[in-house]
Structures are given as C-alpha cells and as structure tokens.
Amino acid sequence: MLDLNLPSVISRTNLEYAWHYQDQEGQPLLTSCRYKCPKKKKRFVPYHINEAGSWHIGAGKQPYPLFGLNLFRYHNASNLVYIAEGERAASALQYLDLLGITSPFGADSCAKTDWSPLKAYKQFVILPDHDASGQKYAEEVAKTLLLMNPEASISVCSIPDLPDGGDIVDWLKSQEELAEWDGFEPIQPEVAEYLKVRLLSLIEEYKQPYQSILQKDHDQEIELESSENCLSQVPAFPSDAWPPVIWEWCQEYAASMRIPPDFCCATLLVVLASLIGRKRQIRPEKNNSKWVITPNLWGLIVGRSGLLKTPAMKQVLSGLDELIQIVMKKHQQAMQEYEAQKENAKVNKLPLPPTPTLKRYKTEDPTIEALGPILRDNPQGILLFRDELQGWLKSMNKKGQENARAFYLETWNASANFTSDRIGRGVIHIPSMCLSVFGGIQPGPIASYISRMHSGDDNDDGFLQRFQVMVWPKSIPWIPYAGTLDEEMERDIKRLYLWLDQLTFDQQGDPIVLEFSDEAQVLFDEWQAKIQPRIRSDEMPEYMASHLSKYPKLLPSIALIIEMTQGAINQVHPKSVSAQSFMMAKKWCEYLEPHAWKIYQCDQVSIIESAKKLICKVQEGKLTDGFTVREVHHGKHWGGLSDSAHVQKACDYAEGRKWLIKKPQIPTGGRQTDRYYLNPKFPCPHI
C-alpha cells in the first residue's frame, strides 16, 4: 500500500511507491520515489531533508545513506547482512525478516554511499541483479566491505533461472505462493517464513565465497625488473661502417678511456658533417633534380654522469679546435691590417675597406639573433655543440624564445632562406641556413623530454626526430689499458679535418652536387622500396614513423660523408658516391635505428626508477604505507616525483608488477582516491 503520509514537497502525480531512508534511530533522511512513466516505464526522484529539517527535491549531499539503517537496531553484528541492488529488492528481503540493505540510485551508487555503518558486521551475502551491471555492483560492494574489514566473510549468490536484469523480486514472484504479488506490498508472515527457508536453502546452494582482487594480487608472484631490461637491446657499433683508418682510431681512443667506441664514432660523424656542410651535396635520385640533400646532421649521445661522455666528445672536437686557433690567428692579423687600412683611408679620404669576416666552425650558446649573422657569414654552415643538451632544449621552452624552436627547425633543412628585420640591426638575409648539432644528455632529462612528447605537448613537433644520430650504448667495464695511442694515427685524423675544411664551393659559389654511382643507385632504390612501406605502416608508432621518415635524408648524407672522408684519406675529390660508401651508410642506419627505439622508450626507464624510489621511500619510513599520489608530489620535492602525472605512472607500474597494492579508500562521496600499500610479500628491503 502506498504511504500517502508524505511531505508536501513530494509530488503524488503518477507516484507508484516511496521508500523511506532513516538513520539507526529511525529519523528520516531521504525518500526515493518511483513514478510511472509511459515512455521509460519508471522514473525515480529523490527527496532529502536538510539540516534545518525541511524537505527538498534531490538527493542532497554525498555520501548518501544506506537503505535499511533503521533495521540495524533489531540486528546485532553477528547477523548476516544481505545486500541487494535497489530498494525494491532490499524491501523484499526485509519482508522475509532478513537484514536487507542497499545503496541508493542503482548499480553506479557504490562509490557515492557511506558504508561505514557496516564496519562492525562480519558476514555478508550479495544478491546482484542478473546482468553485467549487477556483477560489477557486486564486485565494487565486496571490495568496499573488505577495505573496512579484511576479515569479513563475503559471498556472492547469483540466483539461477532469473530473466535478464532480474532480481530477488522476480524470484519471489515466480513462487506459487506469490503469483499475484506486485513486488511492493508486505508478504504475509506465514508465507514469508516458508519462503525465507526456501530462499536461504537456495542461497546456501549457489553462493560462492568472494576472493578480492587485492587478495589475488597477494597470491601472485612479484615481478622484479631491471629498468634496463625494458629497453630495446642495441647492437655494438659495426666495425665496417667506417673506413679502417677511422675505425681503428675510434676504437683505440675509446679503449684508452674505457668508453664505448659509439661515443667517438657518433661525435666524429657529426663533426665531419659540419666540416663538409653545404660545400658538397648529394642528389639521391638522378632523375629527380629537385631533391638535393645537404649532409648536415644532428646527433646526441645518452649516458649517465661519470661515463666520460664529455671527454670523448671533446677529444673528437680537438681537431676542430686546432682549426679554430689557426683562423683566429689569421683573423687577428687581418684585423691589424684592416685597422691600418682604415686609418689610411681616413687620412687620404678613401673608401673604407671591408671588415674582415671571422670564419666560424662551432658555437656553444648562441641566441638566434647572434646565430643569424654567423650563418650568413659562413654559408658552408657550422656546428652547434652543447656539452649538456638539456639546457639548450629547455631554453627553447622559455618565455620569449617561442621563435627559437622554429628557427632551429629551419636550419636542419640547410636550404631555407631566412630574412630577419630588427630595429637597430636592420635586415639580415641568410641565403641558406646550415647547422649541425651535437651534444650529450643524461637518461633522466631525455626521458622527461620524451615523456612530455608522448603526452602530446609542445615537444611533439618532430624536433627530436631531427636528431638522427642518437646513440645510447651499454657502458663497458673498467679494465686496465695496456696499449699506447698511435700519434701518427692522431695526425691522420687531423689531416682529414684540414682536407675537408679546405673544400670549396664551385666557381659560382654554389654547392657541388654528387650523385650515386650506377651500382649505388640501384642499392639505394631497393633500400627505399623497403623503408617507405615501414614508414607508412599503421603499425609503426607515430613518433618512430616520424623518425624513420628522416632516414631517406640520413642515409645519403652519411654515404656522402664517408665518400668525402675516403677521398680525404686518398687525397682525391670524388665525382660520385660509391656502392661501398652506400653499404657503410646502410650499416650506420641499421645500427642507429635500435638506438632510436631505445631512446624513445626511455621514459619507461624513468617510470621504473621512480617506482623503485617510491618503494624505497616507504621502506625508509619517509612515505606512509598507504599513500596517495598527491601525498607524493605535493610538498615532498623528491627528484623525479614532483609531477602528479609521472607519479601516477610510477604507481601504476609498481602496481602492475605487484610491488604495490592499490586499495580505493572507503567511498565517502566525491571523487574516489586510491591508496597504495607495499606488498607484504616484497622480497627485500631494497630493490
């Protein structure tokens, strides 16, 4: 029978039934009204009582109360609690004199409900609706109960032979004694007692103990993984990718420093590229006159601090430094002569002589305003070298440096014209900007950069993909060095620098363009036919497809550099790029690609290391066992753990490896917060 003793705010029109929520003392809290609705068959409208004691439409503030709290005073903590989905099903259980409860507003209400009144109870049976949402509801309720009381006994009973979406009401209506029952009215006591026995027997037969996901996690093996193991394996540098003289020098010098030869080889390739610059170019396809490549390169080496990246790079650059000293002396002499000529011009009222231009080979920390005139006065191009590339990459994200990134992107092409108009500086026109870039970087900063790139921020503009010569070799053990450096070999390398430096443009001041030999052209065309489908494949990650899309420039560039290097060794000027140089360049590309994969995946290393740091902080007592993401990144100021998104990734990784166990907090309304606990089976105090 419909209770018509309702607050006046509740509409009676089409009202089918009203369920009253009360506290444990029987005071009203909420009323859920079911209305007949022809289109939707049923519609629920809640009404709540506020702190002032007046009724209002709506559910009120979260967390919402449980339906059935008023019955708790008649049942002690030893009683079984039956949890149904919806007030109608819970009321049906109550008609059978069972402690039936539910959360308000259907299957999605678990996280919005205050379950704390059940904390003292030990035994529960969940009777979900016969559908997917019912199973999900049962899972969420069981997790919540176990969070309050890990020792609780919880069973889930799926009653057989129910229709889709059916519940305990449908089962009762299927019983002969309740064939005419509407599902709302109380059941006569003698019938209720008989059906109660029948239902409990059915539950006993079909109920299954609930084993929480958290408990299942405890039973699984903890996966300990080295951060290095998650990265792609990289090959050693191929000894036949350089002419023998160069490889022997790189190998010998690396052995003397106990460093991978990769550091020397990568640095040398980019330095040689900067010396050749625009003086020599290559046309990869003989029939395509529009496609001409300048062999300038961008590269970097990745390695932890203390692995002697800087000494390796500077040893290769020492040959360049000697060229710089030579031109500096010549420039000083030219300036002295200029000053004398200028003084003479003033005295004799003659035109002023042109100011001598300083030939540049490299720069280390320029602004784009300063770099522009340098590139204008050095059409062959120069090298931008940064011992630590992190600072250079960061500088382009600073306020006021928005144009720097675009400027550098244009220098990579080595063919773009650039005109700058500035008050006080006038017009600066650069016919072709050519820049090679090289430097070192540690795993942490490059991982952070790549993480932001993968997240789709401003770093995701193809800038990093311009660094085609990226290497991250394995460190090598420290062993005594028994050899001696060959000084003649050192002089051969410096003569190589000098020969490439003395290359010139043609008589019109334009680059001299080489082509592949006939044999090399066939090989290049075959290589193109294989790599282009890979670049265009949907299975290739976008960042790697973008990286490989630069290889049709990279391979001809390296082939041209090797050809010119071999020419310097033999003291001849090549007329074309040979098949031998092509094959060496191909080996370079095959070597560089796995290194690129490793570097693009290195943000995973940062996540693993951060996950390990979280574990250590818990073990050291510096982080509460049962922490939230916010408690880590807010106020702790730990290196690598100050960004909420990164901390969340570290927690997700640790949870996936069973290092941490995630437990949602007991829902009390609002957004649910997860807490992370150290797995008690973690094998050791330190990872």
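Coordinates for the structure precede this section.
To keep things clear, this report deals only with the structure shown in the data block. All values derive from a computational prediction rather than experimental measurement. (Residues numbered from 1 in each chain as written. Predicted model: local features only at pLDDT ≥ 70, side-chain atom pairs only at ≥ 80, totals over all residues. Heavy atoms only, no water.)

**Quick notes on the overall build of the chain**
Phase 1: Along its length, the chain carries 20 helices and 20 strands.
Phase 2: Counting every position in the chain, which comprises 687 residues, the buried fraction comes to 48%.
Phase 3: Counting contacts in the chain only where the partners sit at least 6 residues apart, residues at least 24 apart contribute 70% of the total.
Phase 4: Carbon and sulfur atoms provide 49% of the accessible area of the chain, an area that totals close to 33400 Å². (Helix = DSSP H or I, 4+ residues; strand = E, 2+ residues; numbered from the N terminus. Buried < 20%, exposed > 50% of the residue type's maximum accessible area, 1.4 Å probe, protein only. Contact = heavy atoms within 4.5 Å. Areas by Shrake-Rupley, 256 points an atom, 1.4 Å probe, with all protein chains shown as cover.)

**A look at the environment of Ser155**
Phase 1: Secondary-structure assignment places Ser155 in strand S8 (residues 153-157).
Phase 2: Between the C-alpha atom of Ser155 and that of Phe124, which follows or precedes it by 31 residues, the distance is 6.3 Å.
Phase 3: The residues touching Ser155, leaving out its near neighbours within four places in the chain, are Phe124, Val125, Ile126, Lys207, Gln208, Pro209 and Tyr210.

**Details of the state of the cysteines**
Here a disulfide denotes a covalent bond joining the sulfur atom of one cysteine to the sulfur atom of another.
Phase 1: Per the stated rule, a full pass over the model turns up zero disulfides.
Phase 2: Cysteine Cys250 shares no disulfide, and the gap to the nearest cysteine sulfur, in Cys265, comes to 3.9 Å. (Disulfide = S-S within 2.5 Å.)

**A few points about the packing of helix H7 (residues 261-276) against helix H17 (residues 579-600)**
Phase 1: Where H7 meets H17, the axes come as close as 13 Å, and the angle between the chain directions of the two elements is 115°. As summarised for this structure, H7 and H17 are arranged roughly perpendicular, according to the angle between their axes. Crossing of H7 over H17 shows left-handed handedness. Contacts between H7 and H17 involve Asp262, Cys265, Ala266 and Leu269 from the first element and Trp588, Tyr591 and His595 from the second.
Phase 2: Partitioning the contact of H7 with H17 into residue classes produces five nonpolar, one polar and one charged. (Axes fitted to C-alpha atoms, helices over the stretch in contact; angles between N-to-C directions. Parallel < 35°, antiparallel > 145°, perpendicular 65-115°, else oblique. Left-handed = near helix turned anticlockwise from the far one by under 90°. Nonpolar A, V, L, I, M, F, W, Y, C, P; charged D, E, K, R; others polar.)

**Topic: the packing of aromatic side chains**
Phase 1: Counted under the stated rule, the structure contains 28 aromatic pairs.
Phase 2: Arranged with centres 5.1 Å apart and planes meeting at 65°, the rings of Tyr21 and Phe67 form a pair that is edge-to-face. Pair noted here: Tyr21 is in strand S1 (residues 15-22) and Phe67 is in the loop between strand S4 (55-57) and strand S5 (81-84), with a separation of 46 residues, a long-range link. For the pair Tyr21 and Phe67, one class covers both residues: buried.
Phase 3: Through a chain of ring-to-ring contacts, three or more aromatic side chains come together here, namely Trp298, Trp392, Phe407, Tyr408, Phe463 and Phe467.
Phase 4: Between Arg43 and the ring centre of Tyr35, over which it is positioned, the NZ or CZ distance is 5.2 Å. (Phe/Tyr/Trp six-rings, centres within 6.5 Å; stacked < 30°, edge-to-face > 60°. Lys NZ or Arg CZ within 6 Å of the ring centre and 35° of its normal.)

**Description of the pattern of salt bridges**
Phase 1: The tally for this structure, following the rule as stated, stands at 21 salt bridges.
Phase 2: One salt bridge connects Lys362 with Asp321, and the closest N-O pair in it is separated by 3.8 Å. Note that Lys362 is positioned in strand S12 (residues 362-363) and Asp321 in helix H8 (residues 309-348), a separation of 41 residues in sequence.
Phase 3: The exposure class assigned to Lys362 is buried, which follows from its relative accessible area of 15%. (Salt bridge = Lys/Arg side-chain N within 4 Å of Asp/Glu carboxyl O.)

**Concerning helix H20 (residues 644-656)**
Phase 1: Spanning 13 residues, H20 covers 18 Å between terminal C-alpha atoms, matching the ideal 18 Å at 1.5 Å per step.
Phase 2: Along H20, the residues classified as buried are His646, Val647, Ala650, Cys651, Tyr653 and Ala654. In an axial view of H20, the angular spread of the buried residues amounts to 160°, which keeps them on one side of the axis.
Phase 3: Residues of H20 that are buried sit in contact with helix H18 (602-619), helix H19 (629-633), strand S19 (660-664) and strand S20 (674-678).
Phase 4: Within two residues after H20, Lys658 carries a phi angle of roughly 65°, on the positive side. (Expected span 1.5 Å × (residues − 1). Arc of directions from axis to C-beta.)

**Let's talk about the nonpolar core**
Phase 1: Trp242, Tyr408 and Trp588 are the most contacted members of the largest nonpolar core, which totals 114 residues.
Phase 2: Top element by residues in this core is H7. It accounts for twelve residues.
Phase 3: Not counting chain neighbours up to four residues away, the residues in contact with Trp588 comprise Phe237, Ala241, Trp242, Cys265, Ala266, Leu269, Val469, Ile558 and Ile562.
Phase 4: Counting residues in each nonpolar core, the second largest holds 33 residues, with Leu30, Phe67, Ile168 and Val169 among its members. (Core = buried A, V, L, I, M, F, W, Y, C linked by side-chain atoms within 4.5 Å.)

**A look at the pairing of strand S7 (residues 123-127)**
Phase 1: Within S7, four of the five residues are buried, which leaves the element mostly enclosed by the surrounding structure.
Phase 2: In terms of strand pairing, S5 meets S7 through four bridges, oriented parallel. What sits directly across from Ile83, in S7, is Ile126.
Phase 3: Looking at chain direction, S7 and S8 are connected through four bridges and run parallel. Residue pairing across strands places Ile126 opposite Val156, the latter belonging to S8.
Phase 4: Chirality of the crossover, the property in question, places the unit of S7, helix H2 (residues 132-148) and S8 among those that are right-handed. (Pairing = 2+ DSSP bridges. Right-handed = clockwise from strand over helix to strand, strands pointing away.)

**Quick look at the layout of surface pockets**
Phase 1: As a volume, the largest pocket reaches approximately 920 Å³.
Phase 2: Around the largest pocket, the lining is made up of 43 residues, and of these Pro443, Gly444, Pro445, Ala447 and Ser606 lie nearest the centre.
Phase 3: At nine residues, helix H12 (residues 443-454) tops the list of elements feeding residues into the lining of the largest pocket.
Phase 4: For the lining of the largest pocket, a count of residues per class yields 16 nonpolar, 17 polar and ten charged. (1 Å grid on protein atoms, 1.4 Å probe; cavity = no way out; pocket = protein on both sides within 12 Å on 5 of 7 lines; lining within 4 Å. Points joined across faces, edges and corners; volume = space filled by probe spheres on them.)

**Quick word on helix H6 (residues 244-257)**
Phase 1: Helix length check: H6, at 14 residues, gives a terminal C-alpha distance of 20 Å against a target of 20 Å (1.5 Å per residue), a fit within 8%.
Phase 2: Looking at the packing, one finds that the buried side of H6 touches H7, H8, helix H13 (487-501) and helix H16 (551-570).
Phase 3: Once H6 finishes, Arg258 follows within two positions and takes phi at roughly 55°, a positive value.

**As for empty space enclosed by the protein**
Phase 1: For the structure shown, the criterion picks out three cavities of 30 Å³ or more.
Phase 2: Looking at the largest cavity, its volume works out to about 50 Å³.
Phase 3: Every residue lining the largest cavity is listed: Ser274, Leu275, Lys279, Leu320, Lys359, Arg360, Tyr361, Gln380, Gly381 and Asp501.
Phase 4: The residue inventory of the lining of the largest cavity, partitioned by class, reads three nonpolar, three polar and four charged.
Phase 5: For the second largest cavity, the calculated volume is near 40 Å³.
Phase 6: Lining the second largest cavity, in full, are Trp249, Gln315, Val316, Ser318, Gly319, Glu490, Ile493, Lys494 and Tyr497.
Phase 7: Elements with a contribution of two residues or more to the lining of the second largest cavity: H8 and H13.

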